[in-house]
Amino acid sequence: MKKPRVSVLVPIYNVERYLPKCLDSLEAQTLKDIEFICINDGSTDSSLEIAQRYAARDDRFQIIDKRNSGYGASMNCGMRAARGHYIGIVESDDFVSPDAFEELVARSRFGMLDIVKADYFEYDGADVRSFPFASFPHGCVIDPRRYPQILRTVPSIWAAIYKRSMLEENGISFIETQGASFQDTSFTLRSWMAARRVRLVDAAYLHYRVDRVESSVKSDNKVFEVCGEFACALEFCRADSARSAAFLCDLFGQQFSTYRWNYDRIFAAHHLEFAERWADEFRIPFENGELDESRFEPGDWALMLELLRDPAAFAVSRG
């Protein structure tokens, strides 16, 4: 059987309200050499039945129905089933423009590039264009090692295609923690660090829904999950000397700003325990001279010094 140009992974869990719009947008893709892998993670609503209706009428859709085991496990299951030259990802509450994957493939230099990534729309009943890569060269092929600050952009896995062989050769998959928060973090960071030929597209095709009040990232019981994501990314970075020389300082900068965001979103009852872990993870690289103030967001370096001096006082002062 001929391999498709793109395998689009669609993780599904209890999204019956949004799923038809997502799958309609995939069915309407102008790129015909494509497959859609819908991974149902034990939904208890009608999501599976909705996906099955699309598969019954369009053989580009295939369904993987599995017990509930979390987002990372679902994505890895989809990646193992994928046959495409490229991997694409569309969250089941988002949707894409009809020409999305045709345009991304057209910019892949006949499949030679490792990643082709576009801007996206934030959708809250209407579209607002997001420009996460505005400060980077568009329309040409770049090596992320020359632009390591790309690690400090939004860790989005969608609005892109990834060469499947690049992911496999570098052992890039998803961490299989429970739930559906943060698993895109290490995948995105490792993909940037592994890729050598990337094109950023000055256009937006994916419509990222921001109106879901039940979004799992707002769950307070996920205090430390993001730490595991960065531990994985740091291990990957340090495993290769050239990779570490190019990216380590920017990776630490991104880690610090993400921890700051995580600290601010969790309940105050968890602030001290998180501040102590935060300080522990930055103390050794600080003492070893691995941190570069210029790679931190404005104000973060002073914040880090305050944190390292006294995590308990830091937690009290920041409330």
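Shown above is the structure to which this text applies.
The rules behind the values
Residues numbered from 1 in each chain as written. Predicted model: local features only at pLDDT ≥ 70, side-chain atom pairs only at ≥ 80, totals over all residues. Heavy atoms only, no water. Helix = DSSP H or I, 4+ residues; strand = E, 2+ residues; numbered from the N terminus. Buried < 20%, exposed > 50% of the residue type's maximum accessible area, 1.4 Å probe, protein only. Contact = heavy atoms within 4.5 Å. Axes fitted to C-alpha atoms, helices over the stretch in contact; angles between N-to-C directions. Parallel < 35°, antiparallel > 145°, perpendicular 65-115°, else oblique. Left-handed = near helix turned anticlockwise from the far one by under 90°. Nonpolar A, V, L, I, M, F, W, Y, C, P; charged D, E, K, R; others polar. Phe/Tyr/Trp six-rings, centres within 6.5 Å; stacked < 30°, edge-to-face > 60°. Lys NZ or Arg CZ within 6 Å of the ring centre and 35° of its normal.

A. Local environment of the environment of Leu 307. For Leu 307, the position within the fold is in helix α10 (residues 300-309). For Leu 307, a relative accessible area of 0% corresponds to the buried category. When near neighbours in sequence (up to four residues on either side) are disregarded, Leu 307 contacts Phe 256, Ala 275, Trp 278, Ala 279 and Phe 314.

B. Representation of the packing of helix α9 (residues 271-287) against helix α11 (residues 311-318) within the structure. Remark: α9 packs on α11, axes separated minimally by 9 Å, with the N-to-C direction vectors making an angle of 130°. The orientation of α9 relative to α11 falls into the category oblique. The handedness of the crossing between α9 and α11 comes out as right-handed. Between α9 and α11, the residues in contact are His 271, Leu 272, Ala 275, Glu 276, Trp 278, Ala 279 and Arg 283 and Pro 311, Ala 312, Phe 314 and Ala 315, respectively. Across the contact of α9 with α11, the residue classes break down as eight nonpolar, one polar and two charged.

C. Inspection of the side chain of Asp 300 at higher detail. You can see Asp 300 is positioned in helix α10. Residue Asp 300 is classed as buried on the basis of its relative accessible area, which comes to 2%. Once residues within four sequence positions are removed from consideration, Asp 300 is found in contact with Phe 256, Ser 257 and Arg 260.

D. Representation of the packing of aromatic side chains. Per the stated rule, a full pass over the model turns up 28 aromatic pairs. A ring pair is formed by Tyr 71 and Phe 174, whose centres lie 6.1 Å apart and whose planes are at 75°; its orientation type is edge-to-face. With Tyr 71 in helix α3 (residues 71-81) and Phe 174 in the loop between α5 (164-169) and α6 (183-194), this pair connects stretches of sequence that are 103 residues apart. Across the pair, Phe 174 and Tyr 71 agree in class, each one buried. A cation over a ring is seen here: Arg 57 above Tyr 54, with NZ or CZ 4.3 Å from the ring centre.

E. Fine view of the packing of helix α1 (residues 19-27) against helix α2 (residues 47-57). Look at α1 against α2: their axes get within 10 Å of each other, and the N-to-C directions meet at 20°. By the criterion of interaxial angle, the relationship of α1 to α2 is roughly parallel. Of the two possible hands of crossing, α1 and α2 adopt the one that is right-handed. Together, Leu 19, Pro 20, Leu 23, Asp 24 and Glu 27 of α1 and Ser 47, Ile 50, Ala 51, Tyr 54 and Arg 57 of α2 make up the contact between the two elements.

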